[in-house]
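Architecture and fold: a report
Okay, here's what each chain looks like letter by letter:
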Amino acid sequence: GFGWTIVVLEPVERLHGELRLNAFNLLFPGLLALIAAVWAASALAGRLAQSIRTLALRMREYAFDGEGNGHLPLPSAPAEIRDLTDAFNRMGQRLSESYETLRSALVEKNRLGDELTRTVQEREDVIAERTAALRRANSELRALSATDALTGCSNYRGFVQAMAMLWQRAGDEYQTVTAFMCDIDQFKRYNDALGHPAGDACLRRVAAALRGVMQLGEDVVARVGGEEFAVLVRGLDRAQARAVAHRLHDAVGALQMPHPDGGTVSISVGWAQVEPAEGGVPEDLVAAADAALYRAKEAGRDRVAE
């Protein structure tokens, strides 16, 4: 308030010395504090980095064995990554539970698969057995449908089927087909006089005699009527066919079955031969053999005609 000016004089060297002393007194503790802070931060960073490296290494090496052993132990992990470790362990636990569920499902799937395989195999075996039985039954049915129950020879249906087969093969191989029509002479008188059981026995013996001549194979002996039989042979020439016709006739005569009208049971035979490759149809061959049979009967029976 008085307008005075006070001037303090101090040597510059003294002032600078005090300043340097004060600066040193302030700077040294600060430097020590800075060094301590850096050291603490470095130690903490090293610990954290070590934990992170350990966690990363454990994650890379992590192997889930399917027995629930997916725990990742990090006892020295700092709090900063403990949540991450816990999360990883929870994930491992869920993975373990999921794996166990999947393994159980796979075991059940394999069990059901094996059971299904066994069931399918059993069903296939049953189906195969029934299919085989059905085939056998069908085969037997076809055989029965083409077989004369009384004599065991083919019936008319079997005769027609055999004729079609022989006709085709003979045509392909340029061979002949010979048909022999055989009729038991005066069979109605035999049957009426001695009765049906005796007539049936006569038919069976005649059929057996005819079959004995042919030795079967591809040859066919069929009962095509009450007392009429047909024989089919492939690949004969005319001389051979004529010899077969006489053997058929003689085989029945050799049975020496007495006939009520006197003498023995005999047959009349008519035969015809064609070569399918030259044309014609099976019906024409049968008609020609039938015509020859009627000629044998008209000529007095107990004979062969062609």
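This section reports on the structure supplied with the text.

**Structural notes on the overall build of the protein**
- Per the secondary structure count, the protein includes 7 helices and 5 strands.
- Going residue by residue from the N terminus, the α and β elements of the protein occur as α-α-α-β-α-α-β-β-α-β-α-β.
- Looking at the 306 residues of the protein, the share that counts as buried comes to 29%.
- Summed over all atoms, the accessible surface of the protein reaches about 19600 Å², with 58% contributed by carbon and sulfur.

**Re a negative patch on the surface**
- Residues Glu122, Glu124, Asp125 and Glu129 make up a contiguous surface patch of negative charge.
- Relative to the helices and strands, Glu122 is located in helix α2 (residues 79-145).
- On the basis of relative accessibility, which here comes to 45%, the residue Glu122 falls in the partly exposed class.

**A word on the side chain of Asp148**
- For Asp148, the position within the fold is in the loop between α2 and α3 (156-172).
- A polar side-chain atom of Asp148 sits 2.6 Å from a polar atom in the side chain of Thr151.

**Here's the deal with the side chain of Arg234**
- Within the secondary structure, Arg234 is located in strand β3 (residues 228-234).
- In this structure the side chain of Arg234 is engaged in a polar contact, spanning 3.0 Å, whose partner is the side chain of Glu173.
- At 2.3 Å, the side chain of Arg234 and the side chain of Gln175 are in polar contact.

**With respect to unusual backbone geometry**
- Although it is not a glycine, Arg301 adopts a positive phi angle of roughly 65°.
- As for its placement among the helices and strands, Arg301 is situated in the loop between α7 (282-298) and β5 (304-305).

**Comments concerning the packing of aromatic side chains**
- Summed over the entire model, instances satisfying the criterion amount to 4 aromatic pairs.
- Here the aromatic rings of Phe2 and Trp4 are separated by 5.4 Å at their centres, their planes lie at 35°, and the arrangement is tilted.
- Looking at Phe2, the relative accessible area reads 71%, which means it is exposed.
- Exposure remark for Trp4: the relative accessible area of 70% places this residue in the exposed category.
- With 6.3 Å between their ring centres and 15° between their planes, Phe187 and Tyr190 make a pair best called stacked. Highlighted residues: Phe187 and Tyr190, both in helix α4 (residues 187-194), separated by 3 residues, approximately one helical turn.
- By relative accessible area, Tyr190 is classed as buried at 8%.

**A word on the pairing of strand β1 (residues 177-184)**
- β1 sits mainly inside the fold: 8 of its 8 residues count as buried.
- Taking every second residue as pointing to the same face, both faces of β1 are buried, with Val177, Ala179, Met181 and Asp183 on one and Thr178, Phe180, Cys182 and Ile184 on the other.
- As paired elements, β1 and β3 share 7 bridges and run antiparallel to each other. The partner of Cys182 across the bridge, within β3, is Phe229.
- Judged from the 8 bridges that link them, β1 and strand β4 (residues 267-274) form a sheet pairing that is antiparallel.

**Digging into the pattern of salt bridges**
- All chains considered together, the criterion is met by 11 salt bridges.
- Ionic pairing is found between Arg234 and Glu173, a salt bridge with its closest N-O pair at 3.0 Å. With a gap of 61 residues between them, Arg234 in strand β3 and Glu173 in the loop between α3 and β1 connect regions that are remote in the sequence.
- For Arg234, a relative accessible area of 19% corresponds to the buried category.
- For the salt bridge of Arg238 with Glu306, the shortest nitrogen-to-oxygen distance reads 3.1 Å. On the criterion of sequence distance, the pair formed by Arg238 in helix α6 (residues 238-253) and Glu306 in the segment after β5 is long-range, its members being 68 residues apart.

**A word on the sheet that holds β1**
- Taken in spatial order, the 5 strands make up an open sheet running β2-β3-β1-β4-β5, and their pairing is mixed. The two strands at the open ends of the sheet, each matched to only one other strand, are β2 (220-223) and β5.
- In the packing of α6 onto the sheet, contacts are made with β1, β3, β4 and β5, and the angle to β4 comes to roughly 160°.
- Packed on one face of the sheet, α7 meets β1, β3, β4 and β5 and runs near 145° to β4.

Parameters at a glance
- Residues numbered from 1 in each chain as written.
- Predicted model: local features only at pLDDT ≥ 70, side-chain atom pairs only at ≥ 80, totals over all residues.
- Heavy atoms only, no water.
- Helix = DSSP H or I, 4+ residues; strand = E, 2+ residues; numbered from the N terminus.
- Buried < 20%, exposed > 50% of the residue type's maximum accessible area, 1.4 Å probe, protein only.
- Areas by Shrake-Rupley, 256 points an atom, 1.4 Å probe, with all protein chains shown as cover.
- Patch = residues over 30% accessible without salt bridge, like charges linked within 9 Å, V, L, I, M, F, W, Y side chains within 5 Å.
- Salt bridge = Lys/Arg side-chain N within 4 Å of Asp/Glu carboxyl O.
- Lys, Arg positive; Asp, Glu negative; His and termini not counted.
- Charge placed at Lys NZ, Arg CZ, Asp CG, Glu CD.
- Polar contact = N/O pair within 3.5 Å; in protein donor to acceptor, adjacent residues only side chain to side chain.
- Phe/Tyr/Trp six-rings, centres within 6.5 Å; stacked < 30°, edge-to-face > 60°.
- Pairing = 2+ DSSP bridges.
- Contact = heavy atoms within 4.5 Å.
- Axes fitted to C-alpha atoms, helices over the stretch in contact; angles between N-to-C directions.

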